[in-house]
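In case you want the letters, here they are:
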Amino acid sequence: MSHVKKSIYAILPILLLMPLMGFGQNIEQKDSSNTKLISAAREIMHAAGTCALITLNEKDLPVVRAMSPFLPESDFTVWFGTNPESRKVNEIKKNPNVTLYYLDSDASGYVMIHGLAQLVDDPKQKEMRWKDEWEDFYPNRTEGYLLIKVTPQSMEVVSPTRDVIGDAKTWKPPVAFFETKK
């Protein structure tokens with residue numbers, strides 16, 4: 001029986017970390033505080049419903065808009081739908097560096113993801129990532145609907161209610177870095 005318990009204790013940490021590993025990326029796991037940070041980030045992102053997508057315009061000024069994201073994937077990749085003629089599409093074509101900002105439901109904390117945006121016009125992906133409530137926005141789903149895929153590079157999280165807080169003196173928030181597999 002003790003052999004079974006040892007096996008379970010050896011496998012359990014691996015199983016717990018598996019959801020943090022995704023499609024082509026790993027989150028650097030430095031210590032248990034990173035686990036708390038990741039858990040808080042998922043909770044905030046799931047509860048938020050919307051987030052801000054920040055791009056840079058032709059004058060390198062930040063442009064912020066509210067978006068209705070899909071829930072983050074296991075590796076924190078985030079998908080959005082948009083109009084292919086929108087300003088954000090042209091801004092992403094010129095500079096794929098974007099920031100996502102999710103405000104905690106009680107407004108005490110946030111998740112901020114810095115990542116690379118990619119425009120995806122694949123019909124299968126578009127069909128998989130569709131929300132019925134978008135019907136009025138995209139009457140022509142074939143040509144009038146495009147996906148934005150944001151692959152995270154780093155993520156800041158602050159959530160006092162979940163005991164994820166920044167440095168007491170500098171207020172520098174905890175950060176998780178994402179490694180891109182080649």
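Worth saying up front: this structure is predicted, and the values here are computed from it rather than measured. (Residues numbered from 1 in each chain as written. Predicted model: local features only at pLDDT ≥ 70, side-chain atom pairs only at ≥ 80, totals over all residues. Heavy atoms only, no water.)

## Here's the deal with unusual backbone geometry
Backbone geometry places F76, a non-glycine residue, at a positive phi of 70°. Topologically, F76 is positioned in the loop between β3 (62-67) and β4 (78-82). For A107, which is not glycine, the phi dihedral falls at a positive 65°. The topology assignment puts A107 in the loop between β5 (97-103) and β6 (110-120). Residue classification places A107 among the exposed positions, given a relative accessible area of 53%. (Helix = DSSP H or I, 4+ residues; strand = E, 2+ residues; numbered from the N terminus. Buried < 20%, exposed > 50% of the residue type's maximum accessible area, 1.4 Å probe, protein only.)

## Digging into the pairing of strand β2 (residues 51-56)
Where burial is concerned, most of β2 is hidden: five out of the six residues are buried. With six bridges connecting them, β2 and β3 associate as antiparallel partners. Bridge pairing in β3 links L56 to P62. The loop that links β2 with its antiparallel partner β3 comprises five residues; one of these, D60, has a positive phi angle of about 60°. In this structure, β2 lies alongside β5, joined through three bridges in antiparallel fashion. Residue L53 lies in a different strand from β5, and its bridge partner there is L100. (Pairing = 2+ DSSP bridges.)

## Considering the nonpolar core
Membership of the largest hydrophobic core comes to 26 residues, with the highest contact counts inside it found for F80, L100, Y102, V111, M155 and V157. Secondary structure elements with two or more residues in this core: α2 (32-48), β2, β4, β5, β6, β7 (146-158) and β8 (175-180). No other element matches α2, which puts six residues into this core. Contact partners of Y102, with chain neighbours within four places excluded, come to I44, M45, A48, T50, C51, P69, V78, G109, Y110 and V111. (Core = buried A, V, L, I, M, F, W, Y, C linked by side-chain atoms within 4.5 Å. Contact = heavy atoms within 4.5 Å.)

## Some thoughts on the pairing of β4
Of all the five residues making up β4, five are buried; the element is thus mostly covered by neighbouring parts of the structure. On β4, burial covers both faces: V78, F80 and T82 on one face and W79 and G81 on the other are all buried. Both β4 and β7 contribute to a ladder of five bridges, which runs antiparallel. Across the sheet, residue T82 finds its bridge partner in β7, namely L146.

## As for helix α3 (residues 87-94)
Looking at α3, one finds that the buried residues are K88, V89, E91 and I92. What you see down the axis of α3 is that its buried residues fit within an arc of 165°, all on one side. Across α3 from its buried face, at more than 90 degrees, point the exposed residues R87, K93 and K94. At its buried positions, α3 is contacted by β2, β3, β4, β5, β6 and β7. (Arc of directions from axis to C-beta.)

## Comments concerning the pattern of salt bridges
Applying the stated criterion across every chain, the model contains seven salt bridges. A salt bridge links D163 to K36; the shortest N-O distance between them is 3.1 Å. Pair noted here: D163 is in the loop between β7 and β8 and K36 is in helix α2, with a separation of 127 residues, a long-range link. Salt-bridge contacts for R162 lead to E43; the nearest nitrogen and oxygen are separated by 2.6 Å. Of this pair, R162 sits in the loop between β7 and β8 while E43 sits in helix α2, and the two are 119 residues apart along the sequence. The class for R162 is partly exposed, based on a relative accessible area of 23%. The partly exposed category is assigned to E43, whose relative accessible area is 41%. (Salt bridge = Lys/Arg side-chain N within 4 Å of Asp/Glu carboxyl O.)

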